[in-house]
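In case you want the letters, here they are:
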Amino acid sequence: MTLRLKILISFILLSVVNGLLTLFILEAASLSTGSYHPDRGGTLIAPGLGLVAASLVLGAALVTFLLFWTLRRLVLDPLDKIVAAAHQLAEGGDGLVQLPPRDDEIGYLADSFNLMAEAVMESRLTLEEKVRVASEKSEAAQRNLAFAERLAATGRLAAGVAHGSNNPLSGVVNASA
């Protein structure tokens, strides 16, 4: 269940409780004024108080809607933008939150998130540079190793050729001596 839905349900419950309390207070006022007469087919709520109760319940519902709309606009929508920026940052994007300047907790959170996103992007660039340098060093070492292996193979070949040509000559030298 999302935070938005939880808040909406909380406001609806608050509105219902407010309406029930209003009805309870109006019923108590009817009983205390003596306007309730069951033998004459009277209602529990005095005749003029029914309209007042309906108005209060409707007003409570309107206040609940306005509170939710304001909370959504001031808190939930900016938090949704921060969450979207976090996902964008996790996927390798810039992840900066684009909110109008605010001097409240949401603005402070957005500014702090932007500072963190900039630090992450800077660290990512630094790390990419280090990886590039290490890759270049590794490629250079591999080229040097390949060159050294070719030199060693050439040296072994030259030693083999020299040894091979040395053996018949030593036989000739030994025979002539």
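Just so you know, these numbers come straight off a predicted model, no measurement behind them.

**Q** I tried to follow the overall build of the chain on my own but got confused; where do I start?
**A** Tallying secondary structure elements over the chain gives three helices and zero strands in all. N-terminal to C-terminal, the α/β element order of the chain is α-α-α. Every one of the 177 residues in the chain was classed for burial, and the buried ones make up 15%. Look at the contacts in the chain between residues 6 or more apart in sequence, and 54% of them connect residues 24 or more apart. Put simply, the chain shows about 13,000 Å² of open surface, and 68% of that area lies on carbon and sulfur atoms.

**Q** Quick question: what am I supposed to make of a nonpolar patch on the surface here?
**A** On the surface, a cluster of nonpolar side chains totalling about 590 Å² of accessible area is made up of Leu5, Leu8, Ile9, Ile12, Leu13, Val16 and Leu20. When you line up the elements, Leu8 lands in helix α1 (residues 3-33). Relative accessible area serves as the criterion here: at 30%, Leu8 is assigned to the partly exposed category.

**Q** Is there a simple way to explain the nonpolar core in this structure?
**A** Note that soluble globular proteins tend to have their nonpolar side chains buried in a common cluster. Of all hydrophobic cores here, the largest spans seven residues; its members are Ile82, Ala85, Val97, Leu99, Ile106, Ala110 and Phe113. Within the residue set of this core, elements represented by two or more residues are α2 (49-90) and α3 (105-176). Considering each element in turn, this core owes the most residues, three residues, to α3. The residues contacting Phe113, other than those within four sequence positions of it, are Ile82, Ala85, Ala86, Gly95 and Val97.

**Q** What is the right way to look at the environment of Ser15 in this model?
**A** Along the chain, Ser15 falls in helix α1. Residue Ser15 is classed as buried on the basis of its relative accessible area, which comes to 12%. Taking C-alpha positions, Ser15 is 8.3 Å from Val63, a pair spaced 48 residues apart along the chain. If we skip the residues at most four places from it in the chain, Ser15 touches Ala60, Ala61 and Thr64.

**Q** Looking at this structure, how should I read the pattern of salt bridges?
**A** Pairing is possible between side chains that carry opposite charge, provided their charged atoms lie close to one another. Per the stated rule, a full pass over the model turns up four salt bridges. Across the pair Asp104 and Arg102 runs a salt bridge whose closest N-O atoms are separated by 2.6 Å. Relative accessible area serves as the criterion here: at 28%, Asp104 is assigned to the partly exposed category. Residues Glu136 and Arg132 are paired through a salt bridge, measuring 2.5 Å at the closest nitrogen-oxygen approach. Of this pair, Glu136 and Arg132 are both found in helix α3, four residues apart, which corresponds to roughly one turn of the helix. Classification of Glu136 by relative accessible area gives partly exposed; the value is 41%. Since its relative accessible area comes to 38%, Arg132 is described here as partly exposed.

**Q** Explanation requested: the confidence of the model for the chain in the structure shown.
**A** Should pLDDT be low for a region, the predicted coordinates there are not to be read in detail. In the predicted model, the chain carries a mean pLDDT of 78, and 72% of its residues have values of at least 70. Across the chain, element-level confidence peaks in α3 with a mean pLDDT of 84 and bottoms out in α1 with 70.

**Q** Sorry, what's going on with the side chain of Asn114 here?
**A** As for its position among the elements, Asn114 is in helix α3. Take Asn114: its relative accessible area is 15%, and that puts it in the buried class.

Reading the values: the criteria
Residues numbered from 1 in each chain as written. Predicted model: local features only at pLDDT ≥ 70, side-chain atom pairs only at ≥ 80, totals over all residues. Heavy atoms only, no water. Helix = DSSP H or I, 4+ residues; strand = E, 2+ residues; numbered from the N terminus. Buried < 20%, exposed > 50% of the residue type's maximum accessible area, 1.4 Å probe, protein only. Contact = heavy atoms within 4.5 Å. Areas by Shrake-Rupley, 256 points an atom, 1.4 Å probe, with all protein chains shown as cover. Patch = residues over 30% accessible without salt bridge, like charges linked within 9 Å, V, L, I, M, F, W, Y side chains within 5 Å. Salt bridge = Lys/Arg side-chain N within 4 Å of Asp/Glu carboxyl O. Core = buried A, V, L, I, M, F, W, Y, C linked by side-chain atoms within 4.5 Å. pLDDT = per-residue confidence, 0-100.

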